[in-house]
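Observations on the three-dimensional arrangement
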Amino acid sequence: MAGTAVATLVGATVALAPSAGASETAAGAARTAVASPVSAARSTAAATAAVYNGACGSGYRVVNSAQVGTPNSLGTVYLTYSSTTGDNCVVTVRNAPGKAVPMVAELSITSTGKRVRDSGNYTTYAGPVYLHAAGYCVNWYGVISGISAGKIGTNCGAIAR
């Protein structure tokens, strides 16, 4: 999108066209955008998408994720990895925290079946659950209000680092 600037407003990405007579350089400069409450409310689900909350701790970075529920996402399951410890961690995060609902965060090693799980009624997130899985493929998933998401046999060995 040459000649346009991109700004993030309430989590939604908005393209701003350059004003009349503005140069490409000026168009790329920082701008301030003001949106009405109505236009903010019209933004997509991305505006309220769950963001990784750091629950696994320092040193863990997100290496994979899965949206829980489509087309209306309830939240996201995050797989994280610490290259320092060789541990994976899973946390399931709701888009809109509120009344406690049934939630699950689960992680297992594909080849051995070794598994860890956290389940219960939570207001914001399930997990974190940890498993030393350096050099192994992992299965991981999460559940929010009976809707599940996750992946089987991913982030094998070097991919997870």
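A brief structural summary. (Residues numbered from 1 in each chain as written. Predicted model: local features only at pLDDT ≥ 70, side-chain atom pairs only at ≥ 80, totals over all residues. Heavy atoms only, no water.)

**With respect to the state of the cysteines**
Here is the rule: Counting rule for disulfides: a pair of cysteine sulfur atoms within 2.5 Å. Runs of E in the DSSP output that reach at least two residues are strands. Runs of H or I that reach at least four are helices, and both are numbered from the N terminus. Categorising residues by exposure relies on relative accessible area from a 1.4 Å probe, with only protein chains included: less than 20% of the type maximum marks a residue as buried, more than 50% marks it as exposed, and the intermediate range marks it as partly exposed.
Tallied over the full model, the rule gives 2 disulfides. Each sulfur in the disulfide pair Cys56 and Cys89 lies 1.9 Å from the other. As the torsion about the S-S bond is roughly -80°, the Cys56-Cys89 disulfide counts as left-handed. Of this pair, Cys56 sits in the loop between α2 (37-41) and β3 (61-68) while Cys89 sits in strand β5 (residues 87-94), placing them 33 residues apart in sequence. For Cys89, a relative accessible area of 0% translates into the label buried. Each sulfur of the disulfide joining Cys137 and Cys156 lies 1.9 Å from the other. Taking the sign of the S-S torsion, 110° for the link of Cys137 and Cys156, the bridge is right-handed. You can see Cys137 sitting in the loop between β8 (125-132) and β9 (138-144) and its partner Cys156 sitting in the segment after β10 (147-154), a full 19 residues away along the chain. Residue classification places Cys156 among the partly exposed residues on the basis of a relative accessible area of 24%. In the protein chain, the cysteines engaged in disulfides, taken in order along the sequence, are linked 1-2, 3-4.

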